[in-house]
Amino acid sequence: MKYIVKKIMEPDCGCEERPDDYMAMDKVLLRDENGSEIDMEIADKELYSKDINEGDWVYFDLNNQIFKEQ
């Protein structure tokens, strides 16, 4: 099934110092082809590296990895 990215909410870390192994997670609101909405936490780094933005269509593989529809 494919999903449209409705909203990406990045965490507000403010001025807090983060541990070296900290991985920022974004809350992502998705709507499937049937109109149902779900939200997931996805690594900010992964969204940037795969150029996934609001309005893009995405899908998940069997390992629950997100990919942008081309």
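The coordinates are above.
Engineer: How should the side chain of D32 be read in this particular structure?
Structural biologist: Here D32 is to be found in strand β2 (residues 25–32). Buried and unpaired, D32 has R31 as its nearest opposite-charge partner, separated by 7.2 Å. In terms of polar contacts, D32 uses its side chain to reach the backbone amide nitrogen of N34, at 2.8 Å. Beyond its immediate chain neighbours, meaning those up to four positions away, D32 contacts M1, K2 and Y3.

Engineer: Please explain the pairing of strand β3 (residues 37–43) as it appears in this structure.
Structural biologist: Side chains on a regular strand alternate between the two faces of the sheet. Note: β2 against β3, 7 bridges, orientation antiparallel. Residue pairing for β3: V28 is matched across the bridge by M40. As consecutive antiparallel partners, β2 and β3 are separated by 4 residues, and within that stretch G35 has a phi angle of approximately 95 degrees, a positive value.

Engineer: Honestly, the packing of aromatic side chains in this entry has me stumped. Any pointers?
Structural biologist: The geometry of an aromatic ring pair is captured by two quantities: the separation of the ring centres and the angle between the planes. The tally for this structure, following the rule as stated, stands at 2 aromatic pairs. Seen in terms of ring centroids, Y3 and F60 are 5.8 Å apart; in terms of plane orientation they differ by 75 degrees. Their pairing is edge-to-face. Taken together, the positions of Y3 in strand β1 (residues 2–9) and F60 in strand β4 (residues 57–60) put the pair 57 residues apart, joining distant regions of the chain. Under the relative-accessibility criterion, F60 is labelled buried at 18%. With centroids separated by 5.8 Å and ring planes inclined at 25 degrees, the aromatic side chains of Y59 and F67 adopt a geometry described as stacked. Look at F67 and you get partly exposed, because its relative accessible area is 30%. When the ring centre of W57 is taken as origin, the NZ or CZ atom of K2, which lies over that ring, is 5.0 Å away.

Rules and cut-offs
- The written sequence of each chain sets the order in which its residues are numbered from 1.
- Totals for whole chains, interfaces and linings use every residue, but because this is a predicted model, local features are given only for residues with pLDDT of at least 70 and side-chain atom pairs only at 80 or more, for both listing and counting.
- Hydrogens are left out, water is left out, and the side-chain values use all remaining heavy atoms of the structure.
- Runs of H or I in DSSP of at least four residues are treated as helices and runs of E of at least two as strands, each being numbered from the N terminus.
- Whether a residue is buried, partly exposed or exposed follows from its accessible area with a 1.4 Å probe, protein chains only, as a fraction of its type maximum: under 20%, in between, or over 50%, in that order.
- His is not counted, nor are the chain ends; Lys and Arg add positive charge and Asp and Glu add negative charge.
- Any carboxyl oxygen of Asp or Glu that lies within 4 Å of a side-chain nitrogen of Lys or Arg is treated as forming a salt bridge with it.
- Between N or O atoms, a polar contact is any pair within 3.5 Å; within protein, one atom must be a potential hydrogen donor and the other a potential acceptor, and residues adjacent in sequence are included only when both atoms are from side chains.
- Note on definitions: a residue-residue contact is assigned when non-hydrogen atoms from the two residues lie within 4.5 Å.
- Should DSSP find at least two bridges between two strands, the strands are regarded as paired.
- When the centres of two rings from Phe, Tyr and Trp lie within 6.5 Å, Trp using its six-membered ring, the rings pair. Their planes under 30 degrees apart give stacked, over 60 give edge-to-face, and anything left gives tilted.
- Think of it as a cone above the ring: NZ of Lys or CZ of Arg counts as a charge over the ring if it is within 6 Å of the ring centre and within 35 degrees of the ring normal.

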